[in-house]
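Letter by letter, the chains look like this.
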Amino acid sequence: MNVDGQHYRTLWTEAHAGDVTAIDQTRLPHRFETVTLRTLEDAAQAIETMVVRGAPLIGATAAYGMALAMRDQADDAALRTAYDRLIRTRPTAVNLRWALDEVRGILADLPPSARCDAAYAAAAEIADEDVAINAAIGRHGLAVLEDLLRAKPGGGPLNILTHCNAGWLATVDWGTATAPIYMAHDAGLPVHVWVDETRPRNQGAFLTAWELGHHGVPHTVVPDNTGGHLMQHGQVDAVIVGTDRTTATGDVANKIGTYLKALAARDNGVPFYVALPSPTIDFSVGDGLREIPIEQRHGFEVTHISGRAEDGRIETVRIVPDGTPVANYAFDVTPARLVTGLITERGLVPAKRDSLAALFPDRLEKN
Ligand SMILES: CSC[C@@H](O)[C@@H](O)C(=O)COP(=O)(O)O
């Protein structure tokens, strides 16, 4: 998408050397910088430290991590080492495993001499496919937004609440939850986005607000606990979020706090949509609450907060009393019964086992 008039993807390869360049998301919104990934370890650490984050982008980066590893060493042991290192980086987003399985599946039967080129080609295909998938999600989601707007008494603007960043920064381009919003805005539909700040890492306030601002989409950042109040007062026409893993039965793991938004949406009759690319569906899991691993991150993310001081310096300060215990669950699971619909690249589908299986028989078969 656009940054000061220039089109960017979140990561790309440098043609001459095969290095991978990524937008450094730990520096946004105050600094727009890129980092160069040259080794397997660079890619693994970029995912762990959330230089890159968001389920689809984690998958694409991991695929390139395999390519960087093969550039260095391409025998069977190196292939195993690369897979094992990358699969451990983050536990919840299933796109990671999907992308690694795709690349490993292609490389396993090749001689080591052919693996490097094949890994780069596979990673590029995963990245390009992500862009195409998200554009399709955008088109299907646009139809949903058009229907909502038509049904809205008194007309626009259509107020959409989103949580975390399921925008283009979380993918290779377009985003999932944001793709319909960008398309609606570009088509001239009056849309306005309520952006949850998304503590503790503030992906909403830092990343979603930055993205929407650069694209000119009207938006307002709200503290995380505001959504319920807005819904009670008719200020939210729909919720659209992304997901890190969706079960075969339609349960949805997403950034911590998503579940509370779904509960508030149900209580207030607000439609709650989840936008997802099919690699985010884990057909091997039936019960999201019991089976999806929930990442727990370092307490530092809760005890401290970073921002730009008046003099332009980036400062990190402590906000919790010294010695106070904290908990940092990064995701929660929203049960399928609270989801109005899943917006996928093949269309809008109920969050139900039969519907998902009928729409994605090819993915089901591979699981
Ligand atoms: C299209 S991205 C969907 C999800 O990955 C997104 O909503 C999210 O929760 C990201 O979490 P993060 O911890 O920032 O990687």
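Within each chain, residues carry numbers counting from 1 in the order of the written sequence. Totals for whole chains, interfaces and linings use every residue, but because this is a predicted model, local features are given only for residues with pLDDT of at least 70 and side-chain atom pairs only at 80 or more, for both listing and counting. Side-chain numbers here rest on the full set of heavy atoms in the structure, without hydrogens or water.

An unreviewed UniProt entry annotates the chain as Methylthioribose-1-phosphate isomerase originating from Prosthecodimorpha staleyi.

## Side note on the UniProt feature "site: Transition state stabilizer" (unreviewed entry) in the chain
Within this structure's numbering, the places UniProt gives as "site: Transition state stabilizer" (unreviewed entry) are C164. Under the relative-accessibility criterion, C164 is labelled buried at 6%. Should any heavy atoms of two residues lie within 4.5 Å, those residues are considered in contact. Excluding its chain neighbours within four sequence positions, the residues that come into contact with C164 are R53, D196, T198, Q203, G204, T208 and K255. UniProt positions are given in the numbering used here, feature names are shortened, and annotations may be inferred rather than shown by experiment. Residue burial is assigned from relative accessible area. The probe radius is 1.4 Å, only protein chains are included, and a residue is buried under 20% of its type maximum, exposed over 50%, and partly exposed in between.

## Overview of the pattern of salt bridges
The rule for a salt bridge is simple: a side-chain nitrogen of Lys or Arg has to be within 4 Å of a carboxyl oxygen of Asp or Glu. One pass over the structure, following the stated rule, counts 24 salt bridges. Here R97 makes a salt bridge to D282, at a shortest N to O gap of 3.2 Å. Of this pair, R97 sits in helix α4 (residues 95-108) while D282 sits in strand β13 (residues 281-282); the two residues are 185 residues apart in sequence, bridging distant segments of the chain. On the basis of relative accessible area, D282 is assigned to the buried category, the value being 0%. Of the charged contacts in the structure, one is a salt bridge between R245 and D282, with a shortest N-O distance of 2.8 Å. Taken as a pair, R245 in strand β10 (residues 245-247) and D282 in strand β13 lie far apart in primary sequence, 37 residues in all. Just as R245 is buried, D282 falls in that class too. Several salt bridges share partner residues, and in doing so they unite R90, R201, E295, R297 and E301 into one network. Strands are runs of DSSP state E lasting at least two residues, helices are runs of H or I lasting at least four, and both sets are numbered from the N terminus onward.

## Comments concerning the UniProt feature "active site" (unreviewed entry) in the chain
In the numbering used here, UniProt assigns the "active site" (unreviewed entry) feature to D244. Mapped onto the elements of the fold, D244 is located in the loop between β9 (238-241) and β10. The residues touching D244, leaving out its near neighbours within four places in the chain, are A55, T92, A93, V94, N95, A253, N254, K255, T280 and F331.

## A word on the packing of helix α1 (residues 40-48) against helix α2 (residues 55-72)
To define axes, lines are fitted to C-alpha atoms, for helices over the stretch in contact only, and angles between the resulting N-to-C directions are given on a 0 to 180 degree scale. At their nearest, the axes of α1 and α2 sit 8 Å apart, and the two run at 165° to each other. The pairing of α1 with α2 is recorded here as roughly antiparallel in orientation. Between α1 and α2 the crossing geometry is left-handed. Two secondary-structure elements touch here, α1 through L40, A43 and I47 and α2 through I58, T61, A62, G65, L68 and A69. In terms of residue class, the contact of α1 with α2 is built from seven nonpolar, two polar and no charged. These descriptions rest on fixed angle ranges, namely under 35 degrees for roughly parallel, over 145 for roughly antiparallel, 65 to 115 for roughly perpendicular, and the rest for oblique. Each crossing is labelled by how the near helix is turned from the far one, with a counterclockwise turn of less than a right angle marking it left-handed and a clockwise turn marking it right-handed. Ten residues, namely Ala, Val, Leu, Ile, Met, Phe, Trp, Tyr, Cys and Pro, are considered nonpolar, four, namely Asp, Glu, Lys and Arg, are considered charged, and the remaining ones, Gly among them, are considered polar.

## Re the packing of α2 against helix α3 (residues 76-87)
In contact at an axis separation of 10 Å, α2 and α3 are set at 150° when each is read in the N-to-C sense. Here α3 runs roughly antiparallel to α2, going by the angle between their axes. The interaxial crossing formed by α2 with α3 has right-handed handedness. On α3, the residues that touch A62, G65, M66, A69 and M70 of α2 are A78, L79, A82, Y83 and L86. Partitioned by chemical class, the residues of the contact of α2 with α3 number nine nonpolar, one polar and no charged.

## Topic: the site of the ligand
The rule for a residue being near a molecule or strand is that one of its heavy atoms must lie within 4 Å of it. Surveying the vicinity of the ligand reveals 19 residues, the closest of which are A55, R90, Q203, N254 and K255. Measuring from an oxygen atom of the ligand, one finds a side-chain N or O atom of R90 at 2.8 Å. N or O atoms within 3.5 Å of each other form a polar contact, as long as, within protein, one can give a hydrogen and the other can take it, and as long as residues adjacent in sequence are counted only when both atoms are side-chain atoms. Between the ligand and D244 there is a distance of 3.0 Å, counted from an oxygen atom to a side-chain nitrogen or oxygen. Counting only elements with at least two residues in the shell around the ligand, the list comes to α2 and β11 (252-255). Here the shell around the ligand is built from residues that sort into seven nonpolar, eight polar and four charged.

## Overview of helix α7 (residues 203-215)
Any helix carries an expected span of 1.5 Å times its number of residues minus one. Between its first and last C-alpha atoms α7 spans 17 Å; for 13 residues at 1.5 Å apiece the expected length is 18 Å, and the two agree. Among the residues of α7, Q203, G204, L207, T208, A209, W210, E211, L212 and H215 are the ones counted as buried. Among the structural elements, β1 (2-3), β6 (158-162), α6 (178-186), β7 (191-196), β8 (219-222) and β11 are those in contact with the buried residues of α7. Positive phi appears at G216, one or two residues downstream of α7, with a value of about 80°.

## Comments concerning the sheet that holds β11
Within a beta sheet, neighbouring strands are joined by backbone hydrogen bonds and run either parallel or antiparallel to one another. Only strands joined by at least two bridges in the DSSP assignment are considered to pair. The strand order β13-β10-β11-β16 describes an open sheet built from four strands, whose pairing is mixed. Two strands bound the open sheet, and with one partner strand each, they are β13 and β16 (331-334). Sheet analysis places β10 next to β11, joined by two bridges and oriented antiparallel. If you follow R245 over to β11, its bridge partner there is A253. Sheet contacts for helix α9 (residues 258-267): β11 and β16; angle to β16, the most-contacted strand, approximately 30°.

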